[in-house]
Amino acid sequence: NAGVMQNPRHLVRRRGQEARLRCSPMKGHSHVYWYRQLPEEGLKFMVYLQKENIIDESGMPKERFSAEFPKEGPSILRIQQVVRGDSAAYFCASSPVLGNTIYFGEGSWLTVV
Amino acid sequence: TQLLEQSPQFLSIQEGENLTVYCNSSSVFSSLQWYRQEPGEGPVLLVTVVTGGEVKKLKRLTFQFGDARKDSSLHITAAQPGDTGLYLCAGASLPGGSEKLVFGKGTKLTVNP
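First, a word on what this report is: a plain description of the structure on this page. If you're wondering where the values come from, they're calculated on a predicted model, not measured in any experiment. Each chain has its residues counted from 1, running along the sequence as written. Both sets of labels track the order of writing: A upward for chains, 1 upward for ligands. Given that the model is predicted, a residue must reach a pLDDT of at least 70 before its local features are reported, and side-chain atom pairs must reach 80 or more before they are shown or counted; all residues, however, enter totals for whole chains, interfaces and linings. Side-chain calculation: all heavy atoms of the structure are included, whereas hydrogens and water are not.

Digging into the sheet that holds strand β8 (residues 75–79) of chain A
Hydrogen bonds between backbone groups are what pair the strands of a sheet, and the pairing can be parallel or antiparallel. Residue and element names in this part refer to chain A. Pairing between two strands requires that DSSP report at least two bridges joining them. Numbering goes from the N terminus for both helices and strands, where a helix is a DSSP run of H or I of at least four residues and a strand is a run of E of at least two. The strand order across the open sheet formed by four strands is β1-β3-β8-β7, and the pairing between neighbours is antiparallel. Pairing within the sheet leaves two strands with one partner each, and these edge strands are β1 (5–7) and β7 (65–68). Across this sheet, the average inter-strand angle for adjacent strands is 15°, counted without regard to direction. Only the stretch in contact is used when fitting a helix axis, every axis being a line fitted to C-alpha atoms; angles between N-to-C directions are given from 0 to 180 degrees.

Here it is as structure tokens:
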């Protein structure tokens with residue numbers, strides 16, 4: 001049973017470009033969460049989605065960031081017009097139902113140059 | 001805003017020594033989880049503690065949840081180089097609510113052979 005799959009694992013973008021990070025949850029999991037880990041900081045919750053619905057986006061920056069989890073395909077975290085401060089590790093996690101243990105993927109490391 | 005303070009931030013010990021890592025907060029959590037993260041990887045769940053005063057053992061690792069559910073500790077007996085890694089605690093606010101975890105910044109443990 002494959003774990004949470006994230007790609008790309010590493011992404012380099014120039015300031016002003018767009019970054020798209022993809023996450024395929026574990027098989028049978030319909031709940032997806034995105035967390036961000038800034039250098040020397042703990043993981044911070046960004047957004048919680050179910051299929052086709054954003055349930056809680058209270059941790060998302062107000063501008064440039066968006067997330068989706070379509071009916072078919074992976075969840076996508078999109079960062080428009082990236083800035084150096086967006087450089088971080090972005091982790092996706094999934095769970096089968098609300099309140100159950102969440103399982104993290106191996107992360108996508110974004111570097112903005 | 002809920003915060004989890006982990007101490008110490010860094011810990012370097014010799015193989016065979018015992019150690020304790022602490023996770024403290026002024027807030028009450030419905031559950032607390034401990035993760036271990038290797039460089040370039042995602043967090044891997046070690047244990048979840050739910051009941052105040054609960055003690056759980058995982059081989060040489062002992063986890064305790066404070067009576068008031070505001071703090072937790074991780075004790076490792078006879079540490080081995082394979083225990084090296086970043087240990088993270090994370091708290092959930094709502095019963096069964098793991099989707100919006102609050103993470104500490106972690107304790108970076110190095111066990112020298």
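Okay, back to it.
Notes on the nonpolar core
The biggest cluster of nonpolar side chains holds 23 residues, and the ones touching the most others in it are W34(A), M46(A), L77(A) and Y90(A). Secondary-structure elements contributing two or more residues to this core are β3 (19–24), β4 (31–37), β5 (43–50), β7, β8, β9 (88–95) and β11 (108–112) of chain A. Each nonpolar core is a collection of buried residues, namely Ala, Val, Leu, Ile, Met, Phe, Trp, Tyr and Cys, held together in the definition by side-chain atoms within 4.5 Å. For each residue, the accessible area found with a 1.4 Å probe, counting protein chains only, is set against the maximum for its type, and the residue is called buried under 20%, exposed over 50%, and partly exposed in between. If you look at the next biggest cluster of nonpolar residues, it comprises 21 residues, including L19(B), V49(B), I76(B) and V102(B).

So, the layout of surface pockets
Approximately 580 Å³ is the volume found for the largest pocket. Grid points spaced at 1 Å over the protein atoms alone were grouped into cavities, where a 1.4 Å probe fits but cannot get out, and pockets, open sets with protein on both sides within 12 Å along at least five of seven lines, with lining residues defined by an atom within 4 Å of a point. Q37(A), E40(A), Q37(B), L86(B) and K108(B) are, among the 23 residues lining the largest pocket, the residues nearest its centre. Contributing elements (two or more residues each) for the lining of the largest pocket: β9 of chain A together with β9 (85–92) and β11 (107–112) of chain B. Gly is placed with the polar residues, together with every amino acid not listed as nonpolar (Ala, Val, Leu, Ile, Met, Phe, Trp, Tyr, Cys and Pro) or charged (Asp, Glu, Lys and Arg). Here the residues of the lining of the largest pocket are counted per class, giving 10 nonpolar, eight polar and five charged. Considered as a void within the structure, the second largest pocket measures approximately 440 Å³ in volume. What lines the second largest pocket is a set of 21 residues, among which K44(A), Q2(B), L3(B), V102(B) and F103(B) lie closest to the centre. Mapped onto the lining of the second largest pocket, the elements with two or more residues apiece are β5 of chain A together with β1 (5–7) and β10 (102–103) of chain B. Counting residues per element, the lining of the second largest pocket draws most heavily on β5(A), which supplies three residues. Grid points are joined across faces, edges and corners, and a volume is the space filled by probe spheres set on the points.

So, unusual backbone geometry
Going from N7(A) to P8(A), the amide bond is cis rather than trans, its omega being -5°. With respect to the secondary-structure elements, P8(A) resides in the loop between β1 and β2 (10–13). Here the bond from S7(B) into P8(B) is cis, since omega is -10°, no more than 30 degrees from zero. Mapped onto the secondary structure, P8(B) falls in the loop between β1 and β2 (10–14). Phi is positive for Q81(A), which is not a glycine, with a value near 45°. If you trace the backbone, Q81(A) turns up in the loop between β8 and β9.

So, the side chain of H29(A)
Residues and elements named next belong to chain A. Considering the arrangement of structural elements, one finds H29 in the loop between β3 and β4. H29 sits in the buried class, given a relative accessible area of 11%. Ignoring any residue separated from it by four or fewer positions in sequence, one finds H29 in contact with S94, S95, P96 and Y103. What makes two residues a contact is simply this: any of their non-hydrogen atoms within 4.5 Å.

Brief notes about the side chain of S94(A)
Residue and element names in this part refer to chain A. Assignment of secondary structure puts S94 in strand β9. Using a relative accessible area of 0% as the deciding quantity, one classes S94 as buried. Between N or O atoms, a polar contact is any pair within 3.5 Å; within protein, one atom must be a potential hydrogen donor and the other a potential acceptor, and residues adjacent in sequence are included only when both atoms are from side chains. Among the polar contacts made by the side chain of S94, one reaches the side chain of H29 at a distance of 2.7 Å. For S94, the residues in contact, after removing those within four places along its chain, are V4, P25, M26, H29, H31, V32, Y33, T101, I102 and Y103.

Side note on the state of the cysteines
When the sulfur atoms of two cysteines share a covalent bond, that bond is a disulfide. Whenever a pair of cysteine sulfur atoms sits within 2.5 Å, that pair is classed as a disulfide. Taken as a whole, this structure holds two disulfides over all chains when the rule is applied. Covalent S-S linkage joins C23(A) and C92(A), the inter-sulfur distance amounting to 1.8 Å. With the S-S bond torsion at -60°, the cross-link from C23(A) to C92(A) turns out left-handed. Here C23(A) is found in strand β3, whereas its partner C92(A) is found in strand β9, with 69 residues between them in sequence. Classification of C92(A) by relative accessible area gives buried; the value is 0%. The side chain of C23(B) participates in a disulfide bridge whose partner is C89(B); the two sulfur atoms lie 2.0 Å from each other. Because the torsion about its S-S bond is 80°, the bridge between C23(B) and C89(B) counts as right-handed. Here C23(B), found in strand β3 (residues 19–24), pairs with C89(B), found in strand β9; they are 66 residues apart in sequence, far enough to count as distant. Grouping residues by exposure puts C23(B) and C89(B) together as buried.

None of the figures reported here should be taken as evidence of function without further support.
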